[in-house]
Amino acid sequence: MDATAAVACEGVTREYGGGRAGPLGRGPSRPTVTALADVSFAAARGEVVGVAGPSGSGKSTLLHLLAALDTPTAGRVVLDGTETTALSSRERARLRLDAVGVVFQRFHLLSALSARANVAVPLVERGVPRPERRERAESLLADLGLGDRTAHVPGTLSGGERQRVAIARALVTDPAVVVADEPTGELDTATGERVLDLLAETAADRAVVLASHDEQALARTDRVVRLRDGRRVSDGTVDDDG
Amino acid sequence: MTGRRLRAAAGLAAAQLRHERTRTLLSVGGVALAVLAATLLAATGIGVVETGQQKFAAADRDLWLTGGPVEFAPGSVGGVDSSVRGAHALSTNLSAREDVRTAAPLLFQSVYVRANGTDYRTVAAFGVPSAAGVRVTEGREFEGDPHYAGGTYDGPMTHEVLVDGRTATLLNVSVGDRIRVGGTIAAARDNEFVVVGVSPTGGRFLGAPTVTVPLSELQEITGTTASDPATLVTVTTTEDADAASVERGLERDYPAYDVRTNAEQLRATAERQAVVLAGGASLVVLAVAAGAALSLNALLSMVAQGAEAYAALKTLGTSSRTLALVALVQTLVVALLGGAVGIALALPAAAALNRAVAAVVGFSGVVQFGPRVVAVGAAVALGTGLLSGLVAATSLVRLEPLSVLGD
């Protein structure tokens, strides 16, 4: 495993199900589903890595493991120098707070809060004083072209603006890794390209792992890991694949 | 750090409550409903007990002697089957005891009354051997009970009556007017009484429009002189006597009768209203449960609607504790607002209830609103808020981001 990578995994397998159904575990055997099988992966700081594959190929499962949202059935995941496999749920939450930013396809912003407050929420957990939270959130939003929209609630923002707020929220803790799952899935082409540009810009001092179906989005990454039926089938640039 | 987290959670909770106005109002309404119901019942309960205690204290009686429960007897003259027989002789015997200062038989009946220009009406009648202990607010007391005359009922009838305010209004009479009173309409035609005064005592005792007449005259006009009945006999002990020991002595000497102290009589009266009290308590339990369910439902739907955003915060490392804090702050704010609204509404509601009770049964100040009632309301609000908050917080703690986000 690459010890210098911002995030890496080695021979990870993730299985779901198994055991027996029923409240006392005496029901029929449940089938085991292998979502990911013996996959290794690494992303270094300054690198934008795409994860591609059809639905059910294991893209989201890999992202969840890399972001310490889940633990593998077998194999190892190292996030910002910390192996996640043996961590408790609370320890993984703390690691995520310090080391990971997540961007979702459907933004998932708190509708009651302004753009500024949404961006600042992760800093609350870190105990950052309010004036500093406010300053960092406003600065990030201004960097992402939303300096005049900081007081707006998500309901009054366009899809692209909401995704930019979500990116700002992912970056506000200055994480080592940003994980983005279909970040342009809900956006039109032009807005999607703008969001991808922003994600690429954020990769200067961190790793960005981006899962997508969209080949145009994947073309803007440094390299693409392709998955099929839970297995890695290739790792290279889009041009290599072509 | 904790203070900062608390302030941030409070800010987030306040923003959500403002954003979800309809749900917030429903939740506040639910808590207010529960608080209103609980405070009104508590105010009524306290009021009934305290009013009862005050009335018993004001009656200046120490012991109450009855022959068993008072039975209503529809179709019989007087309408009430009194349990004490030979009441005058019994009270004479009781009064002869060294530890008893006075013993007074009291008779409750229903009678027909009529004034000039009105139809016959049915009201309660309160028969007393003397006007001692009967408060007169207008006019004068009646002059004793000479009709009994040592057991012959041959003495002159005074034909004097006291009416309470509601009877005066019902018959449109005042002091000096004449009314007809009898256990039957025929008896009432033959017995004309002079209204010598207005007294609230009988009405407050019986909770109905009441006329107060000398005991033996009430027995005469209801045709019950043969059995010399009374509903109960009140006993006042001598100053140096202990009421409890007198009670034990009377129970030993008069085993056919129930002897009760003021507190026991109040408790027995309350026990006879057990169905009404249970009904009232059930309504309050239902109101509290409905209020809690309403606020819980509204708060949980608020949490459910924000589930994806909360899950996203969890993926970004926000701890379950912070999210639980947000839910608890939200529910406590709702509980405080609901409690304040409920208690604020309970004040005019208690006043309105008091007016209604005074108009219907003649008791004033039955619903007593005080610090203890406010404490009950606050406890219900806090309980409802904490219950809702704990359920909402638990649902947030258990929230699995991956299953909610499903990306």
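Residues numbered from 1 in each chain as written. Chains lettered and ligands numbered in written order. Predicted model: local features only at pLDDT ≥ 70, side-chain atom pairs only at ≥ 80, totals over all residues. Heavy atoms only, no water.

1. Some words on the side chain of Thr 322 of chain B
Point 1. On the secondary structure map, Thr 322 of chain B appears in helix H12 (residues 320-361).
Point 2. Of the residues examined, Thr 322 of chain B reaches a relative accessible area of 6% and is grouped as buried.
Point 3. Within polar-contact distance, the side chain of Thr 322 of chain B engages the side chain of Glu 125 of chain A at 2.6 Å.
Point 4. Once residues within four sequence positions are removed from consideration, Thr 322 of chain B is found in contact with Glu 125 of chain A together with Arg 5 of chain B. (Helix = DSSP H or I, 4+ residues; strand = E, 2+ residues; numbered from the N terminus. Buried < 20%, exposed > 50% of the residue type's maximum accessible area, 1.4 Å probe, protein only. Polar contact = N/O pair within 3.5 Å; in protein donor to acceptor, adjacent residues only side chain to side chain. Contact = heavy atoms within 4.5 Å.)

2. Considering unusual backbone geometry
Point 1. The phi dihedral of Asp 38 of chain A falls on the positive side, at around 50°, and the residue is not glycine.
Point 2. When you line up the elements, Asp 38 of chain A lands in strand E2 (residues 32-43).
Point 3. Of note in the backbone geometry, Asn 172 of chain B takes a positive phi value of approximately 55° without being a glycine.

3. Let's talk about helix H13 (residues 371-397) of chain B
Point 1. Taking 1.5 Å per residue, 27 residues should reach 39 Å; H13 of chain B reaches 37 Å between its end C-alpha atoms and fits that length.
Point 2. Considered for burial, the residues of H13 of chain B that qualify are Val 373, Gly 377, Val 380, Ala 381, Thr 384, Gly 385, Ser 388, Gly 389, Ala 392, Ala 393 and Leu 396 of chain B. (Expected span 1.5 Å × (residues − 1).)

4. Considerations on the interface of chain B and chain A
Point 1. With 22 residues of chain B at the interface, the matching set in chain A holds 29 residues.
Point 2. Summed over both partners, the interface of chain B with chain A buries about 2,400 Å², with 64% contributed by carbon and sulfur atoms.
Point 3. Linking chain B to chain A there are zero salt bridges.
Point 4. At the boundary of chain B and chain A, one finds five residue pairs in polar contact (both at pLDDT 80 or more).
Point 5. When contributions to the side of chain B that touches chain A are tallied by element, the ones reaching two or more residues are helix H1 (2-19), helix H11 (307-315) and helix H14 (401-405) of chain B.
Point 6. A per-element tally of the side of chain B that touches chain A places H1 of chain B first, with seven residues.
Point 7. Residues belonging to the side of chain B that touches chain A are distributed by class as follows: 10 nonpolar, seven polar and five charged. (Buried area = accessible area lost by both parts, 1.4 Å probe. Salt bridge = Lys/Arg side-chain N within 4 Å of Asp/Glu carboxyl O. Nonpolar A, V, L, I, M, F, W, Y, C, P; charged D, E, K, R; others polar.)

5. Regarding a nonpolar patch on the surface
Point 1. There is a patch of nonpolar side chains on the surface, built from Leu 332, Leu 382 and Leu 386 of chain B and spanning about 230 Å² of accessible area.
Point 2. Topologically, Leu 382 of chain B is positioned in helix H13. (Patch = residues over 30% accessible without salt bridge, like charges linked within 9 Å, V, L, I, M, F, W, Y side chains within 5 Å. Areas by Shrake-Rupley, 256 points an atom, 1.4 Å probe, with all protein chains shown as cover.)

6. Brief notes about the packing of helix H3 (residues 115-125) of chain A against helix H4 (residues 130-143) of chain A
Residue and element names in this part refer to chain A.
Point 1. Where H3 contacts H4, the two axes come as close as 8 Å, and the packing angle between them is 125°. Taken together, H3 and H4 sit at an angle that is classed as oblique. Here the hand of the crossing between H3 and H4 comes out right-handed. Each of Ala 115, Arg 116, Val 119, Ala 120, Leu 123 and Val 124 in H3 lies in contact with H4, whose residues at this interface are Arg 133, Arg 134, Arg 136, Ala 137, Glu 138 and Leu 141.
Point 2. Here the contact of H3 with H4 is composed, by residue class, of seven nonpolar, no polar and five charged. (Axes fitted to C-alpha atoms, helices over the stretch in contact; angles between N-to-C directions. Parallel < 35°, antiparallel > 145°, perpendicular 65-115°, else oblique. Left-handed = near helix turned anticlockwise from the far one by under 90°.)

7. Side note on the sheet that holds strand E3 (residues 48-52) of chain A
Residues and elements named next belong to chain A.
Point 1. Strand order in the open sheet formed by six strands is E6-E7-E8-E3-E9-E10, with mixed pairing between adjacent strands. Edge positions in the sheet fall to strand E6 (100-103) and strand E10 (231-236), since each has one partner strand and no second. Taking each pair of neighbouring strands and ignoring which way they run, the sheet shows an average axis angle of 20°.
Point 2. In this sheet, strand E7 (residues 177-181) lies alongside E6 in parallel orientation, the contact comprising four bridges. Directly across from Val 100, in E7, lies its bridge partner Val 177.
Point 3. The strands that helix H6 (residues 189-202) touches are E3, E7 and strand E8 (207-211); relative to E8, the one it contacts most, it runs at about 150°. (Pairing = 2+ DSSP bridges.)

8. Looking at the pairing of E8 of chain A
Residues and elements named next belong to chain A.
Point 1. Of all five residues in E8, five are buried, a share of seventy percent or more.
Point 2. Taken together, the four bridges between E3 and E8 define a ladder with parallel strand orientation. Residue Gly 50 lies in a different strand from E8, and its bridge partner there is Leu 210.
Point 3. Direction of pairing for E7 relative to E8: parallel, over a ladder of five bridges. Across the sheet, the residue bridging to Val 177 is Ala 207, located in E8.
Point 4. The handedness of the E7 to E8 crossover, carried by H6, is right-handed. (Right-handed = clockwise from strand over helix to strand, strands pointing away.)

9. Here's the deal with the pairing of strand E5 (residues 121-128) of chain B
Residues and elements named next belong to chain B.
Point 1. Of all eight residues in E5, six are buried, a share of seventy percent or more.
Point 2. One ladder, built from seven bridges, connects strand E4 (residues 100-115) with E5; its direction is antiparallel. Bridge pairing links Gln 109 to Ala 125 in E5.
Point 3. Between E4 and E5, which pair antiparallel in sequence order, lie five residues; one of them, Gly 117, sits at a positive phi of approximately 85°.

10. A word on the packing of aromatic side chains
Point 1. Within the structure shown, the criterion is met by two aromatic pairs over all chains.
Point 2. Aromatic pair Tyr 148 of chain B and Tyr 153 of chain B: ring centres 5.3 Å apart, planes at 90°, arrangement edge-to-face. The same class applies to Tyr 148 of chain B as to Tyr 153 of chain B, namely buried.
Point 3. When the ring centre of Phe 41 of chain A is taken as reference, the NZ or CZ atom of Arg 223 of chain A above it lies at 6.0 Å.
Point 4. Over the face of the ring belonging to Tyr 120 of chain B we find Arg 114 of chain B, whose NZ or CZ atom lies 5.6 Å from the ring centre. (Phe/Tyr/Trp six-rings, centres within 6.5 Å; stacked < 30°, edge-to-face > 60°. Lys NZ or Arg CZ within 6 Å of the ring centre and 35° of its normal.)

11. A look at the confidence of the model for chain B
Residue and element names in this part refer to chain B.
Point 1. For chain B, the average pLDDT comes to 82, and 89% of its residues sit at 70 or higher.
Point 2. The weakest mean pLDDT in chain B belongs to strand E2 (residues 71-72) at 56; the strongest belongs to strand E8 (residues 178-182) at 94.
Point 3. For this predicted complex, the interface score ipTM comes out at 0.78, while the overall pTM is 0.64. (pLDDT = per-residue confidence, 0-100.)

12. Side note on the nonpolar core
Point 1. Formed by 58 residues in total, the largest nonpolar core has its most connected members in Phe 41, Val 51, Leu 62, Leu 79, Val 177 and Val 209 of chain A.
Point 2. For this core, the element with the most residues is H11 of chain B, which contributes six residues.
Point 3. Setting aside anything within four residues of it in sequence, one finds Val 177 of chain A in contact with Ala 6, Val 7, Leu 79, Ala 99, Val 100, Gly 101, Arg 206 and Ala 207 of chain A.
Point 4. Ranked by size, the runner-up nonpolar core spans 33 residues in total, among them Ala 120, Val 128, Leu 140 and Ile 167 of chain A. (Core = buried A, V, L, I, M, F, W, Y, C linked by side-chain atoms within 4.5 Å.)

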